[in-house]
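# Survey of secondary and tertiary structure
Here is how the chains run, residue by residue.
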Amino acid sequence: MAESRKERARHWQYDELPGVDLLRARYIRKTFVRHTHEHFVIAAIADGVEVFHHGGGDVYAGAGSLALVNPDTPHTGRAGVPEGWRYGAVYPSPEVVAAIAAETTTLRGAPGFVTPVLDDPYTVQLVHQVLRATDEGNALAADTLLRVAVTRLLRLNGGTLPRREVRTAGARIAARARAALEERMAGPPTLEQLAAELGTSPFALLRAFRDTYGMPPHTWLTDARVRRARRLLDAGTAPSEAAVAVGFTDQPHLNRHFGRIVGVPPGAYQRERKNVQDARHGRTVRSGAWQWNGQQRSRTYGTTAGEHRTASRTAPSYATPSGSGSPSDSPGSPSA
């Protein structure tokens with residue numbers, strides 16, 4: 001029983017699903033600070049409740065529902081009940097989602113999700129099946145189920161994302177400030193210095209940046225640093241070197257912010273990437289490991305029957321779930 005109260009998470013990639021990140025986690029006390037993702041977030045809640053700030057207010061995603069976040073959309077995350085929440089998530093890139101939308105829906109332009117929470121146990125089960133298929137090395141099942149899940153979500157909750165056009169003077173200043181911070185990430189100016197360089201006042205810049213990007217410059221900078229650190233870790237840079245390269249004081253500084261945005265420590269994140277590379281080159285890779293309170297422990301990733309509360313969330317198989325969907329949910333169907 002004590003083990004079930006511990007937080008654990010695994011953030012990984014599967015070589016046969018390019019452009020997609022994967023996560024399986026149980027969080028109790030974890031709090032995600034305001035941040036964004038370059039990819040879509042499709043989080044399938046298995047147990048408990050997640051609360052996240054999105055679009056000006058808190059929204060709640062409970063068991064059998066999905067938390068859906070479009071790329072570059074500021075949001076947070078925390079437990080909505082004392083026991084926390086357990087979920088599996090896939091993070092497909094905008095290119096992956098656009099390709100699926102072009103083939104299976106009538107959406108035009110950049111596709112995205114209309115509402116941040118969708119109550120749909122059928123797709124929740126599909127997402128967990130994708131993760132299980134990657135655990136077992138079943139590339140055909142993982143690819144098929146991902147496409148079915150994304151297609152269904154776009155048909156139930158899809159729309160065309162508005163284009164972010166820099167029209168107002170404030171938005172133009174915010175864009176210039178963002179570019180300056182991106183370029184000088186390791187040694188950024190103060191708000192006053194940046195405002196002076198851009199020919200405006202500190203509070204005018206602060207308001208313009210927050211209105212344009214949904215967060216103040218310092219919060220955006222931390223988010224951008226973690227994004228760049230992820231790319232460095234993906235390329236094999238040591239966490240201590242990545243920390244300094246993006247402007248953090250040291251590795252503990254990176255660890256703190258990385259965990260509050262990505263959900264796992266940078267070392268665990270990089271080990272999973274190395275496992276993918278080892279598998280790609282034919283080297284033996286041990287089974288994945290949860291991060292249990294910062295300590296790695298091996299685990300077999302089959303979902304046990306006792307982990308689900310209702311029949312709609314029983315241990316998944318590779319067959320398409322019955323009773324909730326229809327043949328028109330398959331990726332090959334041309335109907336919208």
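How each quantity is defined
Residues numbered from 1 in each chain as written. Predicted model: local features only at pLDDT ≥ 70, side-chain atom pairs only at ≥ 80, totals over all residues. Heavy atoms only, no water. Helix = DSSP H or I, 4+ residues; strand = E, 2+ residues; numbered from the N terminus. Buried < 20%, exposed > 50% of the residue type's maximum accessible area, 1.4 Å probe, protein only. Contact = heavy atoms within 4.5 Å. Salt bridge = Lys/Arg side-chain N within 4 Å of Asp/Glu carboxyl O. Expected span 1.5 Å × (residues − 1). Pairing = 2+ DSSP bridges. pLDDT = per-residue confidence, 0-100. Polar contact = N/O pair within 3.5 Å; in protein donor to acceptor, adjacent residues only side chain to side chain. Core = buried A, V, L, I, M, F, W, Y, C linked by side-chain atoms within 4.5 Å. Phe/Tyr/Trp six-rings, centres within 6.5 Å; stacked < 30°, edge-to-face > 60°. Lys NZ or Arg CZ within 6 Å of the ring centre and 35° of its normal.

Attention now moves to the overall build of the protein chain. Helices and strands together make up the secondary structure of the protein chain, namely ten helices and 13 strands. Counting only residues that meet the buried cut, the protein chain has 51% of its 336 residues in that class. Expressed as a percentage of contacts within the protein chain between residues at least 6 apart in sequence, the contacts between residues at least 24 apart total 72%.

Next up on the list: the pattern of salt bridges. A full pass over the atoms with the stated rule returns 16 salt bridges. Across the salt bridge formed by aspartate 72 and arginine 227, the nearest N and O atoms sit 2.8 Å from each other. One end of the pair, aspartate 72, is in the loop between β6 (65-69) and β7 (75-79); the other, arginine 227, is in helix α7 (residues 217-234), with 155 residues separating them in the sequence. On the accessibility criterion, aspartate 72 (36% relative accessible area) is partly exposed. Exposure remark for arginine 227: the relative accessible area of 16% places this residue in the buried category. Taken together, the salt bridges that share partners define one network made up of Arg10, Arg24, Asp135 and Glu272.

Moving on to helix α2 (residues 121-135). For α2, which comprises 15 residues, the first-to-last C-alpha distance of 21 Å matches the rise-based estimate of 21 Å (1.5 Å per residue) to within 8%. Summarising burial for α2: 13 of the 15 residues are buried, a large majority. One or two steps after α2, the chain reaches glycine 137, where phi turns positive at roughly 70°.

Here the focus is the pairing of strand β2 (residues 20-27). Burial analysis of β2 places eight of its eight residues in the buried class, the great majority of the element. In this structure, β2 lies alongside strand β8 (residues 85-92), joined through eight bridges in antiparallel fashion. From the neighbouring strand, arginine 24 faces β8, where its bridge partner is glycine 88.

With 79% of its residues at a pLDDT of 70 or more, the protein chain shows a mean pLDDT of 86. Every residue in residues 284-320 scores below 50 in pLDDT, and together they form 91 contacts with partners more than four places removed in sequence or on other chains. Counted against residues more than four places away or in other chains, residues 322-336, with its pLDDT under 50, gives 25 contacts.

With respect to the secondary-structure elements, histidine 253 resides in helix α9 (residues 251-261). In this structure histidine 253 comes out as buried when scored by relative accessible area, which is 17%. A polar side-chain atom of histidine 253 sits 3.0 Å from the main-chain amide nitrogen of threonine 249.

Turning our attention to the nonpolar core. One finds Tyr27 and Tyr87 to be the most contacted residues of the largest nonpolar core, which totals 46 residues. For tyrosine 27, the residues in contact, after removing those within four places along its chain, are Glu7, Ala9, Phe32, Glu83, Gly84, Trp85, Tyr87 and Gly263. Counting residues in hydrophobic clusters, the runner-up holds 34 residues, among them Val90, Tyr122, Leu145 and Ala149.

Buried within α9 we find His253, Leu254, His257, Phe258, Gly259 and Ile261. Between the side-chain oxygen of the N-cap and the backbone nitrogen of histidine 253 there are 3.0 Å, and the N-cap of α9 in question is aspartate 250. A positive phi of about 105° marks glycine 263, the residue just after α9.

Below, the discussion takes up the packing of aromatic side chains. Centre distance and the angle of the planes are the two values used to describe a pair of aromatic rings. Enumeration over the complete set of coordinates arrives at eight aromatic pairs. Ring centres of tyrosine 27 and phenylalanine 32 lie 5.4 Å apart, and the angle between their planes is 75°; on these two criteria the pair is classed as edge-to-face. For the pair tyrosine 27 and phenylalanine 32, a shared accessibility class is recorded, and that class is buried. For the pair tyrosine 27 and tryptophan 85, a centre-to-centre distance of 5.5 Å together with 55° between the ring planes defines the contact as tilted. Of this pair, tyrosine 27 sits in strand β2 while tryptophan 85 is found in strand β8, placing the two residues 58 residues apart along the sequence. For tyrosine 27, a relative accessible area of 2% corresponds to the buried category. Since its relative accessible area comes to 0%, tryptophan 85 is described here as buried. It is arginine 10 that lies over the ring of tryptophan 12; its NZ or CZ is 4.0 Å from the centre. The lysine or arginine in question, lysine 30, covers the ring of phenylalanine 32, its NZ or CZ lying 6.0 Å from the ring centre.

What follows deals with the pairing of β6. β6 sits mainly inside the fold: five of its five residues count as buried. Bridging between strand β4 (residues 41-54) and β6 involves four bridges; their strand directions are antiparallel. The residue bridging alanine 44 from the neighbouring strand is leucine 66, located in β6. The pairing of β6 with strand β10 (residues 117-119) spans three bridges and is classified as antiparallel. Note that in β10 the partner of serine 65 across the bridge is aspartate 119.

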